[in-house]
Amino acid sequence: MGLIIENSRLGAPEQKLYRLVFESEAARTAQPGQFVHIRVTAAAAPLLRRPLSVAAIDAAGGRLAVYYRLKGQGTDLLSQKRPGEKLDFLGPLGRGFTVPAAGELLLIAGGVGVFPLLSLGEEAGRRGIPSVLLWGGENRAFFAAAAAVAEHIPVRRLATADGSFGDRGLVTDLLTSFLAQPRGGGAATAVRRAAACGPYPMLKAVAATARARRLPLEVSLETTMACGIGACLGCASPGRDASGAAVMRRVCLDGPVFPAEEVEWL
Ligand SMILES: Cc1cc2nc3c(=O)[nH]c(=O)nc-3n(C[C@H](O)[C@H](O)[C@H](O)COP(=O)(O)OP(=O)(O)OC[C@H]3O[C@@H](n4cnc5c(N)ncnc54)[C@H](O)[C@@H]3O)c2cc1C
Ligand code: FES
């Protein structure tokens, strides 16, 4: 159970973006890439909890923040909660990102897929690991509402499909051009790792690029979930184990973060 401190809209109403900050002991153990599974109402429906990624972790202050986009009934009910109300959630749940011990971290985000990457960039920064954010969004209006959430990641390259903000193109275009650049300074010899979250086709394309460039990549998968704790198999997703054998994985328990080479891309 948490105590809601803030639940506010970001930017223009049509962007439907919200930040929810709450106090909870869960902040002491949460890791970047994990999620919280929120019961959005005390009423009978909707029964299923809604998963949202941990986006900011204030362990000392005992606070967590998530960002969400209004989608259907669940997120709409969540947006109606007010500061001072209790938040019924399970978590932190799942397996999060690897925080590198050295080198450079590439964060690759498609739209609202940036949210789970925010706490990873923050934690990497705390450990002195520089991050570069490559972020594709729909248009200028999206970034007008959302860009501020990633202000703590100083090096950013943004792209929109219509060219209304940042480069014209997709985040996969940003990745290709970024990887083609010569590496400078101390980073030239350092290990580079990447983490990505966004729509499935984007993740699949990023995984193909990473494989071709031998770039270690972790992806956060967003599958529909029911229990969120490994009991119902509702989130099962095909993968490969370390030996290459086909396996089914529970995204809620074995993930949501996976090494890209352990995902069976469909
Ligand atoms: C591990 C994980 C982390 C996520 N983190 C975030 C986040 O930080 N911010 C954010 O805005 N969204 C996030 N999502 C997606 C978010 O859970 C859905 O947008 C939300 O559950 C929609 O609920 P709804 O009732 O408003 O929409 P509806 O479409 O009415 O939902 C119906 C059902 O489908 C599920 N569902 C709908 N869309 C998705 C989706 N994209 N992914 C998974 N399940 C979905 C719902 O949970 C619900 O069970 C995450 C999903 C997962 C699995
Ligand atoms: S949602 Fe039930 S096993 Fe993953």
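Whatever comes next refers back to the structure up there.
Parameters at a glance
- Residues take numbers from 1 onward in each chain, read along the sequence in its written order.
- Each chain is given a letter, starting from A, and each ligand a number, starting from 1, according to the order in which they appear as written.
- It should be noted that, the model being predicted, local features are given only for residues of pLDDT at least 70 and side-chain atom pairs only at 80 or more, the latter also being counted only at that level, while totals for whole chains, interfaces and linings use all residues.
- A strand pair is defined by DSSP finding two or more bridges across the two strands.
- Under the DSSP-based scheme used, a helix requires at least four consecutive residues in state H or I and a strand at least two consecutive residues in state E, with every element numbered from the N terminus.
- Residues are defined as contacting one another if the C-beta atoms placed from their backbone atoms lie within 7 Å.
- The axes used here are C-alpha line fits, helices contributing only the stretch in contact, and every angle between their N-to-C directions lies in the interval 0 to 180 degrees.
- Comment on the angle field: the value is read as roughly parallel under 35 degrees, roughly antiparallel over 145, roughly perpendicular from 65 to 115, and oblique elsewhere.
- Each crossing is labelled by how the near helix is turned from the far one, with a counterclockwise turn of less than a right angle marking it left-handed and a clockwise turn marking it right-handed.
- Nonpolar residues are Ala, Val, Leu, Ile, Met, Phe, Trp, Tyr, Cys and Pro. Charged residues are Asp, Glu, Lys and Arg, and all others, Gly as well, are polar.
- Residue burial is a threshold on neighbouring C-beta atoms within 10 Å of the residue's own C-beta, all placed from the backbone, with 20 or more meaning buried, 12 or fewer meaning exposed, and counts in between meaning partly exposed.

*Asks:* Let's hear about the sheet that holds strand S16 (residues 257–259): which residues, and what values?
*Replies:* Pairing is mixed in the open sheet, where 7 strands are placed in the order S11-S10-S9-S8-S12-S13-S16. Edge strands, defined here as strands with exactly one partner in the open sheet, are strand S11 (167–168) and S16. With 6 bridges joining them, strand S8 (residues 104–110) and strand S9 (residues 131–137) adopt parallel strand pairing. Among the inter-strand pairings, Gly110 is bridged to a residue of S9, identified as Gly136. In the packing of helix H4 (residues 171–180) onto the sheet, the strands contacted are S8, S9, strand S10 (155–160) and S11, and the crossing angle to S9 comes to about 145°.

*Asks:* Explain the packing of H4 against helix H5 (residues 200–213) to me, and be specific about the residues and the numbers.
*Replies:* Running from N to C, H4 and H5 cross one another at 15°; their axes reach a closest spacing of 10 Å. Viewed along their axes, H4 and H5 adopt a mutual orientation that is roughly parallel. For the pair H4 and H5, the sense of crossing is right-handed. Listed contacts from H5 to Val171, Thr172, Leu175, Thr176 and Leu179 of H4 are Met202, Ala205, Val206, Thr209 and Arg213. Looking at the contact of H4 with H5 residue by residue, the class counts come to 6 nonpolar, 3 polar and 1 charged.

*Asks:* Describe the pairing of strand S6 (residues 63–69), and please don't skip the residues or the numbers.
*Replies:* Counting buried positions over the 7 residues of S6 gives 5, a clear majority of the element. As paired strands, strand S5 (residues 56–58) and S6 are joined by 3 bridges and run antiparallel to one another. Across the sheet, residue Ile57 finds its bridge partner in S6, namely Leu64. Hairpin remark: S5 followed by S6, antiparallel, with 4 residues in the connecting loop; positive phi at Gly62, about 65°.

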